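Listed below, chain by chain, are the residues.
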Amino acid sequence: MRPGVKIKLWTGGFTNRPSVDAPWLLKFVSVLAILSIVGVIVYGAAMAIGGPGVAEPSAEEAMYISILHFLLPIAIVYTVTANSPLSRVLIFGYFVTLYVSTINGKGFLGSLAIDPGLRIAASTGVLLAITLWLSASPKMRFYYALISGRAVPGDLESQAASFMDDSKLNPKWRVAIDWLADHLETIVLLGFTAVAIYASVTTGA
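Residues numbered from 1 in each chain as written. Predicted model: local features only at pLDDT ≥ 70, side-chain atom pairs only at ≥ 80, totals over all residues. Heavy atoms only, no water.

A. Local environment of the overall build of the protein. A tally of regular secondary structure across the protein gives nine helices and zero strands. Traced from its N-terminal end to its C-terminal end, the protein shows the element sequence α-α-α-α-α-α-α-α-α. Scored against the burial criterion, the 205 residues of the protein give a buried share of 31%. Restricting the contact set of the protein to residue pairs at least 6 apart, pairs at least 24 apart contribute 69%. When the accessible surface of the protein is split by element, carbon and sulfur atoms take 70% of a total near 12500 Å². (Helix = DSSP H or I, 4+ residues; strand = E, 2+ residues; numbered from the N terminus. Buried < 20%, exposed > 50% of the residue type's maximum accessible area, 1.4 Å probe, protein only. Contact = heavy atoms within 4.5 Å. Areas by Shrake-Rupley, 256 points an atom, 1.4 Å probe, with all protein chains shown as cover.)

Written as structure tokens, this is what we have:
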């Protein structure tokens, strides 16, 4: 009998410019992407066992969910972890797709019962803020210059040391993120278990 082995969803790999730390806000986006992946897995399990209140999506909705909330987040997590310049493109593409879907009344945000004008204004504001953060934020410009092998912009050279220090996570946050990474499989299994119990109780099975 062989002892049980814990299955790791992420085992690491090549990291471009490993001495460079991503800005903490970019790391937070990566954490949100992981939660999106877990959410889709649990939702798929709930749909598979016929959980109450979980309607089977149409082919278009299923494609939307799988691409926007599962495949793109996986790519975002990988590129952020690997210090790839593609993370900027993928994050921008994610929010552009979410923006277009929302203003067209698709997806969860698009289905909220709010005034269409307010929805468009809020969505446009969020997309503009994300675009400015990705392209104009000093820390992001500095980070992407480093990992792309380009010279640091002249107006940021004097702040280089502070940017390097600011990118280092607070030890408490680092412990929390490390814990999340180490227990991700357990979180997914607990989600499956909760869905199964809820479906059993509500259906009387």
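B. Highlighting helix H3 (residues 86–103). An ideal rise of 1.5 Å per residue puts 26 Å on 18 residues; H3 measures up with 26 Å between its terminal C-alpha atoms. In this structure, the buried side of H3 is in contact with helix H1 (24–48), helix H2 (59–81), helix H4 (107–110), helix H5 (116–136) and helix H6 (138–147). Of the residues one or two after H3, Gly-105 is the one with positive phi, at around 75°. (Expected span 1.5 Å × (residues − 1).)

C. Spotlight on a nonpolar patch on the surface. Taken together, the side chains of Trp-24, Leu-25, Phe-28, Leu-32 and Leu-35 present a nonpolar region at the surface, about 460 Å² in accessible area. The residue Phe-28 is located in helix H1 in this model. Using a relative accessible area of 39% as the deciding quantity, one classes Phe-28 as partly exposed. (Patch = residues over 30% accessible without salt bridge, like charges linked within 9 Å, V, L, I, M, F, W, Y side chains within 5 Å. Salt bridge = Lys/Arg side-chain N within 4 Å of Asp/Glu carboxyl O.)

D. A look at the nonpolar core. Within the largest apolar cluster, 29 residues are counted, with the highest numbers of intra-cluster contacts made by Leu-26, Ile-76 and Tyr-143. The element contributing the most residues to this core is H1, with seven residues. Beyond its immediate sequence surroundings of up to four residues, Tyr-143 is in contact with Val-20, Asp-21, Ala-22, Pro-23, Leu-26, Val-80 and Asn-83. (Core = buried A, V, L, I, M, F, W, Y, C linked by side-chain atoms within 4.5 Å.)

E. Spatial organisation of the packing of H1 against H2. Two elements in contact, H1 and H2, have axes separated by 8 Å at closest approach and are oriented at 140°. The orientation of H1 with respect to H2, classified from their angle, is oblique. Considering how the two elements wind past one another, H1 and H2 form a crossing that is left-handed. Two secondary-structure elements touch here, H1 through Leu-26, Val-29, Ser-30, Ala-33, Ile-34, Ser-36, Ile-37, Val-40, Ile-41 and Tyr-43 and H2 through Ile-65, His-69, Phe-70, Pro-73, Ile-74, Ile-76, Val-77 and Val-80. (Axes fitted to C-alpha atoms, helices over the stretch in contact; angles between N-to-C directions. Parallel < 35°, antiparallel > 145°, perpendicular 65-115°, else oblique. Left-handed = near helix turned anticlockwise from the far one by under 90°.)

F. View of the packing of aromatic side chains. Per the counting criterion, the structure on display carries two aromatic pairs. Seen in terms of ring centroids, Tyr-94 and Phe-95 are 5.3 Å apart; in terms of plane orientation they differ by 80°. Their pairing is edge-to-face. Exposure remark for Tyr-94: the relative accessible area of 15% places this residue in the buried category. (Phe/Tyr/Trp six-rings, centres within 6.5 Å; stacked < 30°, edge-to-face > 60°.)

G. Representation of unusual backbone geometry within the structure. Backbone geometry places Arg-17, a non-glycine residue, at a positive phi of 45°. Tracing the sequence through the fold places Arg-17 in the segment before H1. Arg-17 sits in the partly exposed class, given a relative accessible area of 35%. The residue Asn-83 is not glycine, and still its phi comes out positive at about 55°.

H. Local environment of the side chain of Ser-30. Among the secondary structure elements, Ser-30 is positioned in helix H1. Not counting chain neighbours up to four residues away, the residues in contact with Ser-30 comprise Val-77 and Val-80.

I. View of the packing of H5 against H6. Where H5 contacts H6, the axes come no closer than 6 Å and their chain directions differ by 50°. The pairing of H5 with H6 is recorded here as oblique in orientation. Between H5 and H6, the residues in contact are Trp-133, Leu-134, Ser-135 and Ala-136 and Pro-138, Met-140 and Arg-141, respectively. When grouped by side-chain class, the residues that make up the contact of H5 with H6 number five nonpolar, one polar and one charged. (Nonpolar A, V, L, I, M, F, W, Y, C, P; charged D, E, K, R; others polar.)

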